[in-house]
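Now for the letters of each chain:
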Amino acid sequence: MGSLKGKGGRGNHVNRAWVSYHSLVAGTSRTSAIALPSPETKGAGPSLTTALLLCAGALLLLWGAFYNGFPLVYNDTGTYLSSGLDLALPLDRPIFYGLFLRATQVLGRSLWLPIAAQALIVSWLVLLVIRTVRPAATTLERAAILLLLAFGTALPWFCGQLMADVFAGLLALSAYLLIFQRASLSRRETLLVGALFTLSLLVHSANVPVAAVLLGLLALDRRLRAGLRLPAVLLLTALVAARMVSRALETDEYRPRYTHVWLMARLIDSGLADRLLQERCAEKNYALCPHKGPPMRTGYSAYFWSSDSPLERIGGWEHSGAATWPVLIDAGRYFPIANFTSIAANGVRQFFSYATGDGLWGYEAVSFVSRVIHERYPRGAPAFDASRQQRGALLGEIAPLSKLHALLAGLALALAALSLLPLPFAPPSQVKGLLGYALVFCVVHALVCAGVLVTDRFGARVVWLVVFAAGLAGLELLNPGAREAPPLPAARLLLILAAALPAGVLPAALALRLLSGTFTRTAPSPYFEKPVLAWPRPELFVKKVPLSSFGDARGLALGVQIKTKLASGRELIGTVTAVGKETVTTQASWESVRW
């Protein structure tokens, strides 16, 4: 520990914070339990072995995109791409991920470059955490952790997706290094990790409140406050930078202008919105009062997207703020306990909602993301149309993998909970502390997201952190105090990696193809027939509706769009393709289902 005394007090502050945190989760405050890397390890430049492992890890984390045949997309991908290319601030999200997409395409207009950058960043940060937490980790152990993340978690499906979701996990790991492991980092590494922490705050609007709540919780312990100074400064810097960019783009404010719409989602799903309208419309003249009752009980998706929803009738997404904010404020004012219990209940649901594949369905040619890719990336449009995601095949094929991810995540969460107990087989304090930190971060993330809505995508983008920490704990239990094995010759390692990558990815892809046949998606209605594929459009579903379900069938004609209900209660918008004596046949894409 004496080698840290010449750091102007910085190392001592961080060490005290480290001892404080790990005394909470490990039940000890002995500094002898702390194993920091030696100055030689910290200051040494990257070896060829490490560089090859970094690139191999990035390739492994992109296997999902390789298997798909094109970078994975989400409906919001179009907004991110267009905002970066046009330098226009989106209405409902920051522009910084769009700028990241633009910057990573400086070498050429290819959407593979941004996900390659994301995978390299994740691989580097994961290896850095392994080095600081388990300095004696061998090359094979580090490779095993990367393989675990690549095939045992949803991380590759976020690394290979043109979305800012991957930065939620990067926010957690960069904050961990800055708060608890700064003494283990070189100055260059500290600068890079700090820049990555700031970028993670900027690219996604949810990361700012998550970081603020996390730092606030850790600040309750006085001994941790010294290590929180740098992240707190970077948090303020991110807010100032966001404000400056907002002014430069000539917008009135940085706060996303659709915040009121997203906040209404939880009030609608919890029933508080309709309860407020039922009880207070007699004395309050809310613009939503004419829509109380069934229109406010349809769920947030129908409130968002239906053409005749209450949201559309009060001005739509862009002009409903003046009508919505009074409802939001009064709901918190009149029902504080109900709001708290609603957020807590949603937080528990969100914490255990982490299924892989949320959003990986195909998107119609008229969707914004499809239009942006065809108009702005014409060279990549054929590959986009031919991808498994666009053909509607990807979700069914990764279903068994999602079950494996859920199993490993459940086991890792159980291990993280057990690590807080004074058990004789507990891992060393550093790994134990990482497990506890990952668990705390996932709880904070779930509670912040629960203030808006609950979705598997939010949980899957961070639960891999617990699996990562559990993997390190497993290595410690199986091989405690391991010493670094002699490094493999670079040429030999390169040959091993060249053989291992296809040997690992190809069988996994083949297994998905074979197993997906037993997990084909079945329609939740007896009137659905077998899905049909109409190239190049995404998966289409044919539904037969009894003619008796229509009060007046005179308006039913070919090409007319009608709304029907699935057995699950979800709404389906389909186009009439045939009118028979007893049934009406409609054709709809999976994307048209109102979730």
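**Considering the overall build of the protein**
Looking only at helices and strands, the protein features 27 helices and 5 strands. Classification of the 595 residues of the protein by burial places 53% in the buried group. Across the protein, the fraction of contacts at a sequence separation of at least 24, relative to all contacts at a separation of at least 6, is 73%. A total of about 26,300 Å² of accessible surface is found on the protein, and carbon and sulfur atoms cover 63% of it.

**Examining the nonpolar core**
Among the nonpolar cores identified, the biggest contains 120 residues, and Val126, Trp157, Phe441, Phe468 and Leu472 are the most heavily contacted of them. Apart from residues lying up to four places away in sequence, tryptophan 157 is in contact with Trp63, Gly64, Leu72, Thr356, Leu360, Leu394, Ile398, Leu401 and His405. Formed by 29 residues, the second largest nonpolar core is a distinct cluster that contains Tyr303, Leu311, Ile314 and Ala323.

**Here we look at the packing of helix H5 (residues 77-86) against helix H21 (residues 368-376)**
Look at H5 against H21: their axes get within 7 Å of each other, and the N-to-C directions meet at 40°. Of the possible angle classes, the one that applies to H5 and H21 is oblique. Crossing of H5 against H21: the hand is left-handed. Contact residues: Thr77, Gly78, Thr79, Leu81, Ser82, Leu85 and Asp86 in H5; Phe368, Val369, Val372, Ile373 and Arg376 in H21. Here the residues of the contact of H5 with H21 are counted per class, giving 6 nonpolar, 4 polar and 2 charged.

**Some remarks on helix H6 (residues 96-103)**
Listed as buried for H6 are Phe96, Tyr97, Gly98, Phe100 and Leu101. The secondary structure elements touched by the buried residues of H6 are H5, helix H7 (112-133), helix H10 (166-180), helix H11 (187-203) and helix H13 (225-248).

**Some details on the pattern of salt bridges**
In the structure shown here, the tally under the stated rule is 12 salt bridges. One salt bridge in this structure joins arginine 93 and aspartate 76, with 3.4 Å as the shortest N-O distance. Of this pair, arginine 93 sits in the loop between H5 and H6 while aspartate 76 sits in the loop between helix H4 (63-68) and H5, placing them 17 residues apart in sequence. On the accessibility criterion, arginine 93 (11% relative accessible area) is buried. With a relative accessible area of 17%, aspartate 76 lands in the buried category. Between arginine 134 and glutamate 141 there is a salt bridge whose closest N-O contact spans 2.9 Å. Here the salt bridges do not stand alone but share partners, grouping Arg134, Glu141 and Glu476 into one network.

**Notes on the packing of aromatic side chains**
Following the criterion strictly, the structure yields 14 aromatic pairs and no others. Each residue in the set Trp63, Tyr67, Phe151 and Trp157 is aromatic and connected to the rest through ring pairs, giving one cluster. Across the ring face of tyrosine 377, the terminal group of arginine 109 is positioned such that the distance to the ring centre comes to 5.4 Å. Sitting over the face of the ring of phenylalanine 335, arginine 275 holds its NZ or CZ atom 4.2 Å from the ring centroid.

**Describing the side chain of serine 320**
Relative to the elements of secondary structure, serine 320 occurs in the loop between helix H18 (316-319) and helix H19 (321-334). Residue classification places serine 320 among the buried positions, given a relative accessible area of 0%. Setting aside residues up to four positions removed in sequence, serine 320 forms contacts with His260, Val261, Leu311, Ile314 and Gly315.

**Quick notes on unusual backbone geometry**
Of note, the phi angle at leucine 87 is positive, near 55°, even though the residue is not glycine. Tracing the sequence through the fold places leucine 87 in the loop between H5 and H6. Relative accessible area serves as the criterion here: at 42%, leucine 87 is assigned to the partly exposed category.

**What to know about helix H20 (residues 336-351)**
Over its 16 residues, H20 extends 22 Å from the first C-alpha to the last, a length consistent with the 22 Å expected when each residue adds 1.5 Å. All buried positions along H20 are accounted for by Ala338, Asn339, Ser342, Asn346, Gly347, Gln350 and Phe351. The inward-facing, buried residues of H20 contact helix H14 (259-270), helix H15 (272-280), H19, helix H24 (399-419), helix H25 (429-450) and helix H26 (456-478).

**Digging into the confidence of the model for the protein**
Overall, the predicted model of the protein reaches an average pLDDT of 77, with 69% of residues at or above 70. Throughout residues 1-40 the model reports pLDDT below 50, and contacts reaching past four residues in sequence, or to other chains, amount to 71 contacts.

**Looking at the state of the cysteines**
Going through the model one piece at a time under the given rule, you end up with 1 disulfide. Across the disulfide from cysteine 281 sits cysteine 289; the S-S distance is 2.1 Å. On the sign convention where negative is left-handed, the bridge of cysteine 281 and cysteine 289, at about -100° about the S-S bond, is left-handed.

**Regarding the environment of asparagine 75**
Residue position: asparagine 75 is located in the loop between H4 and H5. Since its relative accessible area comes to 32%, asparagine 75 is described here as partly exposed. Each C-alpha atom of the pair asparagine 75 and serine 367 lies 7.7 Å from the other, and the pair is 292 residues apart in sequence.

**A few points about the side chain of histidine 204**
Residue position: histidine 204 is located in the loop between H11 and helix H12 (207-218). Under the relative-accessibility criterion, histidine 204 is labelled buried at 13%. At 3.1 Å, the side chain of histidine 204 forms a polar contact with the backbone nitrogen of alanine 206. When neighbours within four sequence positions are excluded, histidine 204 is seen to be in contact with Tyr80, Pro94, Ala164, Asp165 and Arg461.

Conventions we followed
Residues numbered from 1 in each chain as written. Predicted model: local features only at pLDDT ≥ 70, side-chain atom pairs only at ≥ 80, totals over all residues. Heavy atoms only, no water. Helix = DSSP H or I, 4+ residues; strand = E, 2+ residues; numbered from the N terminus. Buried < 20%, exposed > 50% of the residue type's maximum accessible area, 1.4 Å probe, protein only. Contact = heavy atoms within 4.5 Å. Areas by Shrake-Rupley, 256 points an atom, 1.4 Å probe, with all protein chains shown as cover. Core = buried A, V, L, I, M, F, W, Y, C linked by side-chain atoms within 4.5 Å. Axes fitted to C-alpha atoms, helices over the stretch in contact; angles between N-to-C directions. Parallel < 35°, antiparallel > 145°, perpendicular 65-115°, else oblique. Left-handed = near helix turned anticlockwise from the far one by under 90°. Nonpolar A, V, L, I, M, F, W, Y, C, P; charged D, E, K, R; others polar. Salt bridge = Lys/Arg side-chain N within 4 Å of Asp/Glu carboxyl O. Phe/Tyr/Trp six-rings, centres within 6.5 Å; stacked < 30°, edge-to-face > 60°. Lys NZ or Arg CZ within 6 Å of the ring centre and 35° of its normal. Expected span 1.5 Å × (residues − 1). pLDDT = per-residue confidence, 0-100. Disulfide = S-S within 2.5 Å. Polar contact = N/O pair within 3.5 Å; in protein donor to acceptor, adjacent residues only side chain to side chain.

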